[in-house]
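Survey of secondary and tertiary structure
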Amino acid sequence: MEELREILEGIHPEVDYDSETGLIDRRIFDSFDVITLVGELMDHFDVEITAEQMVPDHFNSMQAIWSLLEELMEE
Amino acid sequence: MLALTVFLFWTVNLLFMPKYIEKDPDGRITAEFYREKLNNDVIFTGSSTVYAGINPITLWKEYGLTSYDRSNSSQTAWIAYYMIKDAIAVAKPKLVVLDVGFFYVADDYAEEAENRKTLDDMRIGREKFQCMKTVMTEDETVKDYLFPILRFHTRWKYLTAEDFKYLYYKPSVTYNGYIRSDLVEPAAAEKKEENLQDVRLSNRNGLFLENILQLCRDEQIPVLLIKTPSHDPKWGDEFEADLKFVADPYGVDYINFDDYTDEIGLDYSKDTPDGGGHLNASGAEKFSKYLGAYLTEHFTLTDHRNDPAYVKVWQEKCERYDNGQQ
Amino acid sequence: MSLISIEFLCFCLVLVLLFYLIKGPYQWIILLVASIAFYCFCGPKYIVYILVTATTVYFTARGIEGFSKKRDAYLADHKETLGREEKKAYKADIKSRQKRLLFLCILLNVGILATLKYLDFGIAYFNYYRLMLTGNTNLVLQPMLILPLGISFYTFQSLGYVIDVYYGKVKAERQYFRFLLFVSFFPQIIQGPISRFADLEPQLFTPKRFETERIKSGLYRILFGLFKKLVIADRLSAYVTRTAAFREDYKGIYLLLCIFFYAFQIYGDFSGGIDVAIGTAELFGIRLTDNFERPFFSKSIAEYWRRWHITLGTWFRDYIFYPLSVNKRVLNLGKWCRSHLGEGVGKRVPIYLPMIAVWALTGMWHGSESKYIVWGLCNCFFLILGTEAEPFSARIMEKLHLRNDMFVMKCYRIFKTFWLMSFLRVFDFVKTPRDGFCMIRDAFIKWDTFDWHEVYTTLLFPKEEVIVAFVAIILLTVVSLIQRKGRIADRLLKKSPWIQYSTLAAFALLILIFGSYGLGYDAQSFIYMNF
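Remember, predicted model here, so these are calculated numbers, not experimental data.

Concerning the overall build of chain A
- Check the secondary structure of chain A and you find four helices and zero strands.
- Each principal axis of the C-alpha distribution contributes one length, and for chain A these read about 30 × 25 × 20 Å.
- The proportion of buried residues among the 75 residues of chain A is 21%.
- Counting contacts in chain A only where the partners sit at least 6 residues apart, residues at least 24 apart contribute 61% of the total.

Okay, structure coming up:
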């Protein structure tokens, strides 16, 4: 989780990731940021994120991203 | 709210429609026809030569005839047919005098401006729709006639005080359809040659002439075909023969009043506002007197000058006419 | 039948009456019949194309879902007997079959779209270059294909659906006719918005009761759309068309004015049409996705493209950009670049490469001529430039003690974005890319005195028209500013009936009087209609 926080802060340092639940919906992350994030996640956690998983619900909060990662790492 | 909407829409419609009060009063002829309180025994139809050349006021003063110039600029045979039909629907006349001066135009002749002047004020009814369908140009649509604002809205740039002044109430500007001109522009010295020597009565003109004659026969109204005196048009004998060919089976006479210029006493150096195309006030006076004499002689028409109801109405008309001259 | 016509208004009136007279569960049938009828009014021949798309997509979606069901059933049946690897292999096998099916369906439908859209131009180019290069004067005949109404929009909408089914985001529609309604829903068929199945489908089939509020709010939207289209766009188009046609004859400021007017012409035209579509759908209790969010107030190009033609942008993002960015080959290329060309390049490749592809496609989507691709790539270039220059401009701002949230800065950025986008849009209305570049250049160098009188006389654009155009643009801007606080319709509905009524009446009269329609004005068909 801390590793994830570091990645997120690398993209948008000004966001409070503990409380923010609308990273996509409130347009804090644009499609650019999402792709940067996905690239970093794949590198760091050695998971494969496919187009199927590219839905706002999976990226709206740090918690959501973490759940997605856990799910992917299980496979 | 619905009432308000209708009122608003109606007002805006009126505002944008051309008024024809200060200019082009011929646009008011159709509207003013419906204001007539008493029947008119004689209905004149035809193009502008009629509303410039036949003065119902003179006909009343001289012969006690009640009449209306149900004419329009460039009134074609097909428009005339519907004007007569509409006039009959309003009140059956005792005589229809049909000026055929414009029956030489091509079968596809249609002018939007004239259509609008003729149709915009026509009362809503079967005649209006039939007339629209028959006379519209290719680009015109029925909805433009039902909601004139759709056509006239671009006039927002050209609205003048006239448009607001005569928004709801429009005073009468014609005298039973007659539009007086006091201009004088002499015709060229030598008598104009026949400018439509070779013209023949075309299919559509012939068809609608026949339609009119048939309609009047069905309604048992006598008809007279005339050509009001004018240097334009002048057609040859063949056209005359064509007209007679159609009219004869109906027992209807045709008189070309150009042949009676001297008897009428017309002087084309004084009696025309535009070099012979139309008659001016003095020309119309002379012609109306002559025509009135002919009509009373050949048709059974009532002299209403002893009927108080008519006298009252026509007195007003005469006063307005006489005041208008000053 | 155009959306901007009395006929369409009457069509809707009759439909609304029928729609609310009929029992809820059958209401959608009215919409389907209306949609088919509407499409037939516009050209009955072309209904074949939309039926082919609807049918192939419908069966592909069913097929894909069939495979998934088969897989689930198989896995459930053989839970104990299958090993982990076997399960994985089975899943991969099913997935590849689904993929093949999906691929075929996309190929067919994109093929139809591309053929109709680009074949004529392709042949024209081929003839031209063969003539230039080999001197061969034989011409290959152009079939002169006509685009079926709204083909780009319904193709995209259908493909979005089938891809969503493939991803498992939505369930495949079982009833063919219900799906046909989703594809052909008449308010949006001509020019969008491009709806998502998950958004639209539930709305189409929920029974609705008559509500005055809904009708009113739909009417507001329709009227505002008509205002934008008839009063602004169609009025300005006279000026723009003329200036573009005689580009060489005009000096700097005229071209600048033309560019300014074109911004509002295309916005009025497109967003006005969308407003009519959304308003119409609202009459039937269906809320379509918004396609515009006051785009001229954007502070950057990236933001502008999130607020202009939103549904197309998100479509490209979700179905082209994301899949490309997370595609293994692109990622591997990125990795390769990272190790060979450095961290910076490696990081950018997986983002910029798909972006360039998306923008080339967006350009092509707008039209088949080369100028559209130039336009798309220029957009892409400025987007990338904006991203790359951000650290740099941030440093300058810090030195000048400026912050992005200052009012002056906001205004400056809005101004900058508006004009940049307006200049790019020049490619839209000139004939060739070269003309576009020349026009932009001339707008700056041929600067000379500006004389309104000359504008009226040389452009046949009377003074009164110019004044009405500007007043209308100001009115549009004011409404946009009010919109910031929420949907105009919702705000109006809270006001007293008289205010509601006056607004409605005022707009109706404005359109009636100042709209450019009727004889003498050729109320042009929508700019976006055949896209």
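Topic: the overall build of chain B
- On a plain count of helices and strands, chain B comes out with 15 helices and five strands.
- The C-alpha atoms of chain B give a radius of gyration of 20 Å, which matches the 20 Å a tight globule of 326 residues would have.
- The long-range share in chain B, meaning contacts at least 24 apart out of those at least 6 apart in sequence, stands at 84%.

So, the nonpolar core
All names here are of chain C.
- Ranked by size, the top nonpolar core spans 132 residues in total, and within it Val-162 and Cys-258 carry the most contacts.
- Among the elements that make up this core, the one with the highest residue count is helix H10 (residues 252–283) (19 residues).
- Counting contributing residues per domain, this core is built from domain 1 (25–207) and domain 2 (214–299 + 404–514), each supplying no fewer than three.

A closer look at the interface of chain B and chain C
- Counting residues at the interface gives 14 residues for chain B and 13 residues for chain C.
- Elements with a minimum of two residues in the side of chain B that touches chain C: helix H1 (2–16), helix H8 (142–146) and helix H9 (149–152) of chain B.
- For the side of chain B that touches chain C, a count of residues per class yields six nonpolar, three polar and five charged.

Some details on the packing of helix H4 (residues 84–134) of chain C against helix H5 (residues 151–167) of chain C
Residues and elements named next belong to chain C.
- Interhelical geometry of H4 versus H5 gives an angle of 175° and a closest axis separation of 11 Å. With respect to H5, the axis of H4 lies roughly antiparallel. Across the interface between the two elements, Gln-98, Leu-102, Cys-105, Ile-106, Asn-109, Leu-113 and Leu-116 of H4 pack against Ile-151, Ser-152, Thr-155, Ser-158, Leu-159, Val-162 and Tyr-166 of H5.
- Residues belonging to the contact of H4 with H5 are distributed by class as follows: nine nonpolar, five polar and no charged.

Remarks on the environment of Ile414(C)
All names here are of chain C.
- Note on placement: Ile-414 falls in helix H16 (residues 407–424).
- Its 17 C-beta neighbours within 10 Å are what place Ile-414 among the partly exposed residues.
- Taking C-alpha positions, Ile-414 is 4.6 Å from Lys-299, a pair spaced 115 residues apart along the chain.
- Once residues lying within four places of it in the same chain are set aside, the contact partners of Ile-414 are Phe-297 and Lys-299.

Section: the environment of Asp269(C)
Residue and element names in this part refer to chain C.
- Along the chain, the position of Asp-269 falls in helix H10.
- In this structure Asp-269 comes out as buried when scored by C-beta crowding, with 26 C-beta atoms within 10 Å.
- Taking C-alpha positions, Asp-269 is 8.0 Å from Ile-232, a pair spaced 37 residues apart along the chain.

Some points on the interface of chain C and chain A
- Listed by partner, the interface residues are 14 residues for chain C and 13 residues for chain A.
- Secondary structure elements with two or more residues in the side of chain C that touches chain A: helix H12 (310–325) and helix H14 (343–366) of chain C.
- Ranked by residues supplied to the side of chain C that touches chain A, first place goes to H12(C) with six residues.

Remarks on the environment of Arg221(C)
Residues and elements named next belong to chain C.
- The residue Arg-221 is located in helix H9 (residues 212–245) in this model.
- Linking Arg-221 and Thr-280, residues 59 residues apart in sequence, is a C-alpha distance of 8.2 Å.
- Apart from residues no more than four positions distant in its own chain, Arg-221 is found in contact with Asp-275, Ile-278, Gly-279, Glu-282 and Ala-489.

Details of the sheet that holds strand S5 (residues 253–256) of chain B
Residue and element names in this part refer to chain B.
- The parallel open sheet is built from five strands, whose spatial order is S2-S1-S3-S4-S5. Both edges of this open sheet fall to strand S2 (67–71) and S5, since each of them pairs with a single strand only. Sheet twist, expressed as the average angle between the axes of neighbouring strands with direction ignored, equals 20°.
- In terms of strand pairing, strand S3 (residues 95–99) meets strand S4 (residues 223–227) through four bridges, oriented parallel. Across the sheet, residue Val-97 finds its bridge partner in S4, namely Leu-224.
- Against the sheet, helix H12 (residues 237–247) engages S4 and S5, with an angle of about 160° to S5.

So, the arrangement of the chains
- No other pair among the two pairs of chains in contact exceeds the contact count of chains A and C.
- Considering only C-alpha positions, the minimal separation of the non-contacting chain A and chain B is 42 Å.

A closer look at the pairing of S5(B)
Residue and element names in this part refer to chain B.
- Where S4 and S5 come together, four bridges link them in parallel fashion. Within S5, the position partnered with Ile-226 by the bridge is Ile-255.
- Taken together, S4, H12 and S5 constitute a β-α-β crossover, and its handedness is right-handed.

What about helix H13 (residues 328–341) of chain C?
Residue and element names in this part refer to chain C.
- Taking 1.5 Å per residue, 14 residues should reach 20 Å; H13 reaches 19 Å between its end C-alpha atoms and fits that length.
- Counting buried positions over the 14 residues of H13 gives one, only a small fraction of the element.
- Gly-342 sits one or two positions beyond H13 and adopts a positive phi of about 105°.

Quick look at the packing of H9(C) against helix H22 (residues 497–514) of chain C
All names here are of chain C.
- One can describe the packing of H9 onto H22 by two numbers: an axis separation of 9 Å at closest approach and a directional angle of 30°. Looking at the two axes, H9 sits roughly parallel to H22. The interaxial crossing formed by H9 with H22 has left-handed handedness. Judged by residue contacts, Lys-216, Leu-219, Tyr-220, Leu-223, Phe-224, Leu-226, Phe-227, Leu-230 and Val-231 of H9 engage Gln-500, Leu-504, Phe-507, Ala-508, Leu-510, Ile-511 and Phe-514 from H22.
- Residues of the contact of H9 with H22, tallied by class, amount to 14 nonpolar, one polar and one charged.

As for the confidence of the model for chain B
All names here are of chain B.
- Predicted confidence across chain B gives a mean pLDDT of 90, with 98% of residues reaching 70 or more.
- Summarising per-element confidence for chain B, the mean pLDDT is lowest in H9 (86) and highest in S3 (96).
- Confidence metrics for the complex model read pTM 0.85 and ipTM 0.83.

Re unusual backbone geometry
Residue and element names in this part refer to chain B.
- Note the cis peptide between Asp-232 and Pro-233, where omega equals 5°.
- Assignment of secondary structure puts Pro-233 in the loop between S4 and H12.
- A positive phi angle, near 50°, is found at Asn-176, a position not held by glycine.
- Inspection of the secondary structure assignment puts Asn-176 in the loop between helix H10 (161–165) and helix H11 (203–219).

Analysis parameters
- Residues numbered from 1 in each chain as written.
- Chains lettered and ligands numbered in written order.
- Predicted model: local features only at pLDDT ≥ 70, side-chain atom pairs only at ≥ 80, totals over all residues.
- Helix = DSSP H or I, 4+ residues; strand = E, 2+ residues; numbered from the N terminus.
- Buried ≥ 20, exposed ≤ 12 C-beta atoms within 10 Å, placed from the backbone.
- Contact = placed C-beta atoms within 7 Å.
- Rg over C-alpha atoms; globule rule 2.2 N^0.38 Å.
- Core = buried A, V, L, I, M, F, W, Y, C linked by C-beta atoms within 7 Å.
- Domains from an automatic or database assignment.
- Nonpolar A, V, L, I, M, F, W, Y, C, P; charged D, E, K, R; others polar.
- Axes fitted to C-alpha atoms, helices over the stretch in contact; angles between N-to-C directions.
- Parallel < 35°, antiparallel > 145°, perpendicular 65-115°, else oblique.
- Pairing = 2+ DSSP bridges.
- Right-handed = clockwise from strand over helix to strand, strands pointing away.
- Expected span 1.5 Å × (residues − 1).
- Left-handed = near helix turned anticlockwise from the far one by under 90°.
- pLDDT = per-residue confidence, 0-100.

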